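Chain and residue survey
This is what each chain is made of:
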Amino acid sequence: MKLVLLTALGVGGATVIGSVIGFVFKKISHKFSDIVLAFAAGVMLAAAVLGLIIPSVEYGGDLGLVYAVTGIFAGALCLNLIDKLVPHMHKLVGADNESHHNGQLSKVLLFVTAIAIHNLPEGIAAGVGFGSGNTSEAMLIAGGIALQNIPEGMVIIGPMLAAGVSPKKTFLCALATGLVEVIGTLLGYFAVSVASAILPFALAFAGGTMLYVISDEMIPETHAHGSQRGATYALLVGFCVMLISDVLLG
């Protein structure tokens, strides 16, 4: 339990680390953030497949494939529904970096709220990973999600400061989005601990949410500023790093 709590704090704290970087380097280039985000996408892609979906098939026994497929689509549809209610990332952040606070504050706050809402299923994915009993895989999954949270924390800062939000309130908003992920991690862990029968479905559900985030948000964002070639290779590097780590620690 102590390890799960520390991991939850680490996953949520990654957003805060990103926000601190955002304060220090207010003019981070799109190319740099795209490369970092693409690398994180590669890590998350490998984590979703190797650490969540494949174990879902294995733990599900004869119905493993049924659990995996239904879980993947359930996770994706859940985030799809959330997206319809609160759009995220590339759908909201676009013009904020070039705009000033006049008329933009509500849009920026919506963007931050969207990040917080999307962080909940990502946190759940990190927590569910511990339900399999494979601590090394669970840590790798959480590490991939935490890595993705760093550039996400970075992009919160600029738009909020430009919209006239004070540095103190901006940091508190970043802290709140990270706290949501801590809560999600603990919820995911306790859910599969209390009802181990749902583990195969929960693993696939978490994998589906991660696949959705990668395809619908991270890849479009990394390909939107002219750095798509570098982003593609960064994704491959991230995937291979995760693959090597999984084999060596497995």
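**Description of the overall build of the protein chain**
- The number of helices and strands found in the protein chain is 8 helices and 0 strands.
- Listed by position from the N terminus, the elements making up the protein chain come as α-α-α-α-α-α-α-α.
- Across the 250 residues of the protein chain, 48% fall into the buried class.
- Contacts in the protein chain between residues far apart in sequence, at least 24 positions, make up 85% of those at least 6 positions apart.
- Per element, the accessible surface of the protein chain, about 11200 Å² overall, is 73% carbon and sulfur.

**Side note on the confidence of the model for the protein chain**
- Confidence along the protein chain averages 81 in pLDDT terms, with 86% of residues attaining 70 or more.
- With pLDDT under 50 throughout, residues 92-103 is counted as low confidence; its partners more than four residues away or in other chains account for 21 contacts.

**A closer look at the packing of aromatic side chains**
- Tallying each qualifying case throughout the model produces 2 aromatic pairs.
- Considering the side-chain rings of F201 and F205, the 6.2 Å spacing of their centres and the 35° angle between planes classify their relative orientation as tilted. With F201 and F205 both in helix α7 (residues 199-222), this residue pair falls 4 residues apart, about one helical turn.
- For F205, a relative accessible area of 22% corresponds to the partly exposed category.

**Some words on the nonpolar core**
- Membership of the largest hydrophobic core comes to 33 residues, with the highest contact counts inside it found for L52, V128, I141, I145, M210, M218 and M242.
- Of all the secondary-structure elements, those providing two or more residues to this core are α2 (30-59), α3 (64-85), α4 (105-129), α5 (135-162), α7 and α8 (228-249).
- At 10 residues, α2 tops the list of elements feeding residues into this core.
- Sequence-distant contacts of V128, that is, excluding residues within four places in its chain, are made with G188, Y189, V192, L199, A202, L203 and A206.
- If you look at the next biggest cluster of nonpolar residues, it comprises 7 residues, including A8, V182, L186 and Y189.

**Considerations on α7**
- Given a rise of 1.5 Å per residue, 24 residues ought to cover 34 Å, and the 32 Å separating the end C-alpha atoms of α7 matches this to within 8%.
- At I214, α7 shows its largest kink, close to 35°.
- Among the 24 residues in α7, 17 count as buried, and that is most of the element.

**Overview of α2**
- Over its 30 residues, α2 extends 41 Å from the first C-alpha to the last, a length consistent with the 44 Å expected when each residue adds 1.5 Å.
- At A48, α2 is deflected by roughly 30°, the largest bend along its length.
- Following α2 by one or two positions, G61 has its phi on the positive side, about 65°.

**Quick word on the packing of α2 against α3**
- Viewed as axis vectors pointing N to C, α2 and α3 meet at an angle of 145°, and their least axial separation amounts to 6 Å. Crossing handedness for the pair α2 and α3: right-handed. For the pair α2 and α3, the contacting residues are I53, S56 and V57 in the first and G64, L65, Y67, A68 and I72 in the second.
- Here the contact of α2 with α3 is built from residues that sort into 6 nonpolar, 2 polar and no charged.

About the cut-offs
Residues numbered from 1 in each chain as written. Predicted model: local features only at pLDDT ≥ 70, side-chain atom pairs only at ≥ 80, totals over all residues. Heavy atoms only, no water. Helix = DSSP H or I, 4+ residues; strand = E, 2+ residues; numbered from the N terminus. Buried < 20%, exposed > 50% of the residue type's maximum accessible area, 1.4 Å probe, protein only. Contact = heavy atoms within 4.5 Å. Areas by Shrake-Rupley, 256 points an atom, 1.4 Å probe, with all protein chains shown as cover. pLDDT = per-residue confidence, 0-100. Phe/Tyr/Trp six-rings, centres within 6.5 Å; stacked < 30°, edge-to-face > 60°. Core = buried A, V, L, I, M, F, W, Y, C linked by side-chain atoms within 4.5 Å. Expected span 1.5 Å × (residues − 1). Bend = angle between axes of the 7 residues up to and from the residue. Axes fitted to C-alpha atoms, helices over the stretch in contact; angles between N-to-C directions. Left-handed = near helix turned anticlockwise from the far one by under 90°. Nonpolar A, V, L, I, M, F, W, Y, C, P; charged D, E, K, R; others polar.

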